Amino acid sequence: MASPLRFLTPQAAQIMNLLEQVRSYESLPPAEQTRLQHLQLHVLFCHAAQHSTFWKERLTRAGFAPNKPSPDTLSQLPVLSRSDLQQRTDSIRAYWPSLSPDQINVTTTSGSTGTPVRVERFTPWYAPLFKAINRQDDLWHSRDPKQTLCVIGAGIKDQSHGSWGGSYTAFGLKGRAHTRALGDRPIDSHLYWLLKHKPRYLKSSPFLAATMAQLAIEQGVQLPVQQIITQSERVTPQHRALCQQAFGARIVDRYSCEEIGWIALQCPKHDHYHFMNPSVLVEIVDEQGAPCEPGQIGRVLLTSLHSYSMPIIRYEIGDLAEWGEHCDCGMTLPVIKRLWGRKRHMLTLPDGSHVPMPFLGDDIGKIDRILEFQIAQYDDGVLEIQLKNRAGSTLTQDETRALHAVFADNELHSLALRIREVNAIDWGPGWKREEFVRKSGYCPD
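Residues numbered from 1 in each chain as written. Predicted model: local features only at pLDDT ≥ 70, side-chain atom pairs only at ≥ 80, totals over all residues. Heavy atoms only, no water.

What follows concerns the nonpolar core. Formed by 56 residues in total, the largest nonpolar core has its most connected members in L85, Y255, I263 and L302. Looking at this core, the element that brings in the most residues is helix α2 (residues 30–51), giving five residues. One finds L191, A213, I228 and C243 within the second-largest nonpolar core, a separate group that totals 26 residues. (Core = buried A, V, L, I, M, F, W, Y, C linked by side-chain atoms within 4.5 Å. Buried < 20%, exposed > 50% of the residue type's maximum accessible area, 1.4 Å probe, protein only. Helix = DSSP H or I, 4+ residues; strand = E, 2+ residues; numbered from the N terminus.)

Given below as structure tokens:
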């Protein structure tokens, strides 16, 4: 239906233009998406070879020629590591003469591995592209920014706003937004805060959302939340089931990192993800660097196609993932069937081989007495699972056998398993939990 003309601000017009371009990829044949990515990649290579000593050296060794585009150049480049970004920042930069310092946005990773990384981005391109893809996610999931959004997380303040942010205001989308800092507040205080504001949408970590959902179930509390928006932490089947049971709300996850920005968005129809081919080229490779086929778990390498101020090419983020088959949602963007977590979460088997930690939460969640769990593997190979049970209860013999069966059914029967029931699990600061950790030494008896 026709509508009156609407004149947007330059910022909003730019975002709308990029959004239209980004969405055009959703129906392009995969071969055409690849062709466009390689064209953009060649432009990035030419820029990097001209303005970065680090990339000039690497590209020359890979046989790159500016006047002869080759799709094979990318696979000939070594993997870019976190230590490269940390130790060779000056030579990786690809600043051009007209670049102004105030056009650079500097971000630092959370440093969850103990080694923070600094990345520099060209704001005039990065910011509107990031917002365009964020708006794409809204449209995929029929999100209404005129409704109330509540956000709970670390590094934010207790505030209320007249819209979800600057770009939403520019589009005339003015729904209330309330933010709340995690701090050391008890979990029930966050739930009561949500009851006060009654949001249509909640943005938090999946672990925090699931924990509040469990409390809501126990207390018979109901919330009008329709959708829970998550990112930066792996979503388990148990998280999804708890939020659906407590709130009738679907978890909608986004896959991103500080170094790159948006990597993939959850499918509108399924729980798997679609890669953002317009802005990032993703490889999933095995330990030898060969491309993985669907169903094969491998290392994630990322190339940011518009990272001109500091080219990020074949960056190993440390994640494990698995390609999926073509999706029946109608979009042709490539599919991640599953994100397996961090590479450091690999289990060591008795023969010395390594396998990703499987998803156990759904099966363990069927044991009603268990509220939370964390699995650790020690240097001696022994697995220890710490359990926080419902108040004043311990596992029965049948429940203990059922727990052992979960590990055996996931082909972990070759590893010794110790079960430890505790009053509380130490998740570390904040609500971003590590459901699997490695510990030095021998597992205590």
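This part takes up empty space enclosed by the protein. The full count for this structure, using the stated rule, is three cavities of 30 Å³ or more. The volume enclosed by the largest cavity comes to roughly 230 Å³. If you go around the largest cavity, you meet 21 residues; those closest to its centre are Y126, L129, I260, S304 and H306. Elements with a contribution of two residues or more to the lining of the largest cavity: β2 (118–122), α7 (123–140) and β9 (261–266). Take the lining of the largest cavity: its biggest share by element is five residues, from α7. (1 Å grid on protein atoms, 1.4 Å probe; cavity = no way out; pocket = protein on both sides within 12 Å on 5 of 7 lines; lining within 4 Å. Points joined across faces, edges and corners; volume = space filled by probe spheres on them.)

Those residues of helix α11 (residues 237–247) that sit buried are Q238, H239, R240, L242, C243, A246 and F247. A positive backbone phi angle near 65° is found at G248, which sits one or two residues after α11.

What follows is about the packing of helix α9 (residues 187–197) against helix α10 (residues 206–219). Interaxial distance between α9 and α10 falls to 10 Å at its minimum, and their mutual angle equals 80°. Of the possible angle classes, the one that applies to α9 and α10 is roughly perpendicular. Across from I187, D188, H190, L191, Y192 and L194 in α9, the residues of α10 making contact are L208, T211, M212, L215, A216 and Q219. A class-by-class count of the residues in the contact of α9 with α10 yields eight nonpolar, three polar and one charged. (Axes fitted to C-alpha atoms, helices over the stretch in contact; angles between N-to-C directions. Parallel < 35°, antiparallel > 145°, perpendicular 65-115°, else oblique. Contact = heavy atoms within 4.5 Å. Nonpolar A, V, L, I, M, F, W, Y, C, P; charged D, E, K, R; others polar.)

Moving on: the sheet that holds strand β20 (residues 436–439). With mixed pairing, the four strands of this open sheet are ordered in space as β19-β18-β17-β20. Looking at the sheet topology across the chains shown, the edges are occupied by β19 (417–422) and β20. Averaged over all neighbouring strand pairs, the angle between strand axes comes to 25°, with direction disregarded. Across four bridges, the pairing between strand β17 (residues 370–378) and β20 is parallel. Its bridge partner lying in β20, Y378 is registered against K439. The sheet contacts of helix α13 (residues 397–409) involve β17, β18 (383–389) and β19, and relative to β19 the element is tilted by about 130°. (Pairing = 2+ DSSP bridges.)

Counting across every chain of the model gives 23 salt bridges. Between R82 and E259 there is a salt bridge; the shortest N-O distance is 3.7 Å. Placement of R82 in helix α5 (residues 82–87) and of E259 in the loop between β8 (250–257) and β9 is noted, with a sequence separation of 177 residues between them. For the residue pair R82 and E259, the accessibility class agrees, reading buried in each case. The partner of R250 in a salt bridge is D271, and the shortest N-O contact between them spans 3.8 Å. Linking R250 in strand β8 with D271 in the loop between β9 and β10 (273–275), this pair joins segments that are 21 residues apart in sequence. Overall, the relative accessible area of 24% leaves R250 in the partly exposed class. (Salt bridge = Lys/Arg side-chain N within 4 Å of Asp/Glu carboxyl O.)

Relative to the elements of secondary structure, R418 occurs in strand β19. If sequence neighbours within four positions are ignored, R418 has contacts with V382, L383, E384, I385, C443, P444 and D445.

Before going further, it helps to spend a moment on the pairing of strand β11 (residues 280–285). Across the six residues that make up β11, a large majority, six, are buried. Side chains V280, V282 and I284 project from β11 onto one buried face, and the interleaved L281, E283 and V285 project onto a second face that is buried too.

Take helix α3 (residues 53–61) next. Every buried residue of α3 is accounted for by F54, W55, R58 and L59. In a view along the axis of α3, the buried residues occupy a sector of 115°, so they form one face of it. Summarising the geometry of α3, the exposed residues directed more than 90 degrees from the buried face are T53, T60 and R61. Its buried side turned inward, α3 meets α2, α4 (73–76), α5 and α6 (89–92). The opening residue of α3 is S52, an N-cap whose side-chain oxygen sits 3.4 Å from the backbone nitrogen of F54. Backbone geometry just after α3 places G63 at a positive phi near 85°. (Arc of directions from axis to C-beta. Polar contact = N/O pair within 3.5 Å; in protein donor to acceptor, adjacent residues only side chain to side chain.)

These results come straight from atomic positions and should not be treated as a statement about function.
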